[in-house]
Amino acid sequence: MNAWLLRAPWWQVGIAMGVLLAPFAVLVLGLTGDRSWTAAVLLGVGAAVVCAPMLGFVTAHTVRDAMAAVEEVPEDQRAAVERAARRGAVPEDDALREAALHLVEDRLLTVHATRTRALALPAVLAVVAAFLAVAQSPWWWLGVAVAAALAVLVLVAPGRLERRAALLRRAG
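Residues numbered from 1 in each chain as written. Predicted model: local features only at pLDDT ≥ 70, side-chain atom pairs only at ≥ 80, totals over all residues. Heavy atoms only, no water.

As a further point, take the pattern of salt bridges. Scanning the model with the defined rule gives 4 salt bridges in all. The partner of Arg 107 in a salt bridge is Glu 82, with the nearest N and O atoms 2.5 Å apart. With a gap of 25 residues between them, Arg 107 in helix 5 (residues 94–113) and Glu 82 in helix 4 (residues 78–86) connect regions that are remote in the sequence. In this structure, Arg 107 and Glu 82 share a single accessibility class: buried. As a salt-bridge pair, Arg 169 and Glu 105 come within 3.0 Å of each other at their nearest N and O atoms. (Salt bridge = Lys/Arg side-chain N within 4 Å of Asp/Glu carboxyl O. Helix = DSSP H or I, 4+ residues; strand = E, 2+ residues; numbered from the N terminus. Buried < 20%, exposed > 50% of the residue type's maximum accessible area, 1.4 Å probe, protein only.)

Let us look at the packing of aromatic side chains. Throughout the structure, instances matching the rule amount to 1 aromatic pair. Relative to Phe 57, the ring of Trp 10 lies with its centre 6.0 Å away and its plane at 80°, an arrangement referred to as edge-to-face. Linking Trp 10 in helix 2 (residues 10–32) with Phe 57 in helix 3 (residues 37–67), this pair joins segments that are 47 residues apart in sequence. The exposure class of Trp 10 is partly exposed, given its relative accessible area of 39%. When its relative accessible area of 42% is taken as the criterion, Phe 57 is described as partly exposed. (Phe/Tyr/Trp six-rings, centres within 6.5 Å; stacked < 30°, edge-to-face > 60°.)

Before going further, it helps to spend a moment on the packing of helix 5 against helix 7 (residues 141–171). Each pair of packed helices can be described by the angle between their axes along with the distance between the axes. Relative to each other, helix 5 and helix 7 sit at 155°, their axes nearing to 9 Å. One way to sum up the angle between helix 5 and helix 7 is to call them roughly antiparallel. The way helix 5 lies across helix 7 gives a crossing that is left-handed. For the pair helix 5 and helix 7, the contacting residues are Arg 97, Ala 100, Leu 101, Val 104, Glu 105, Arg 107, Leu 108, Val 111 and His 112 in the first and Pro 158, Leu 161, Glu 162, Arg 164, Ala 165, Leu 168, Arg 169 and Ala 171 in the second. (Axes fitted to C-alpha atoms, helices over the stretch in contact; angles between N-to-C directions. Parallel < 35°, antiparallel > 145°, perpendicular 65-115°, else oblique. Left-handed = near helix turned anticlockwise from the far one by under 90°. Contact = heavy atoms within 4.5 Å.)

Here helix 6 (residues 115–135) contains 21 residues, and its C-alpha end-to-end distance of 31 Å stays within 8% of the 30 Å for a straight helix at 1.5 Å per residue. Those residues of helix 6 that sit buried are Pro 122, Ala 129 and Ala 133. An end-on view of helix 6 places all buried positions within 40° of arc, on one side of the element. Of the exposed residues in helix 6, those oriented more than 90 degrees away from the buried face are Thr 116, Arg 117, Val 124, Val 127, Phe 131, Val 134 and Ala 135. (Expected span 1.5 Å × (residues − 1). Arc of directions from axis to C-beta.)

Structure (structure tokens):
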């Protein structure tokens, strides 16, 4: 994760979300409806302006909640702890490794607690996108594929986190 994102205020995260969301919204609106590209651009940018601050707020607070598990780690080492919790070689420093293990275990608890809700969202999205693919435009089948990919991520994440936790435990 980008170290900047760990410390950025919610409004900066919202701007980043808007920059990422606007082109996607324009493409979806331009390819799936009977509207001009000018209308798609206006609607897509409008959707990004409305949704991005909310997404930025939620994302910033989610990142801060996730990093609360390692509050005792100095600010300059939090990015290294985050990186060690996600990927790469196991850190040699015992304190860094323990903090990364604590972060992974905290995420595992969160993933297990929210798994049902996290699977419900892609299921609903897949049903809605399939309906729109049949009723409106075949481009919506891409939405079904994205929803299926989200469901796969929800199913794969706990195993990946458990493997990382075992690797961090073994190194200790």
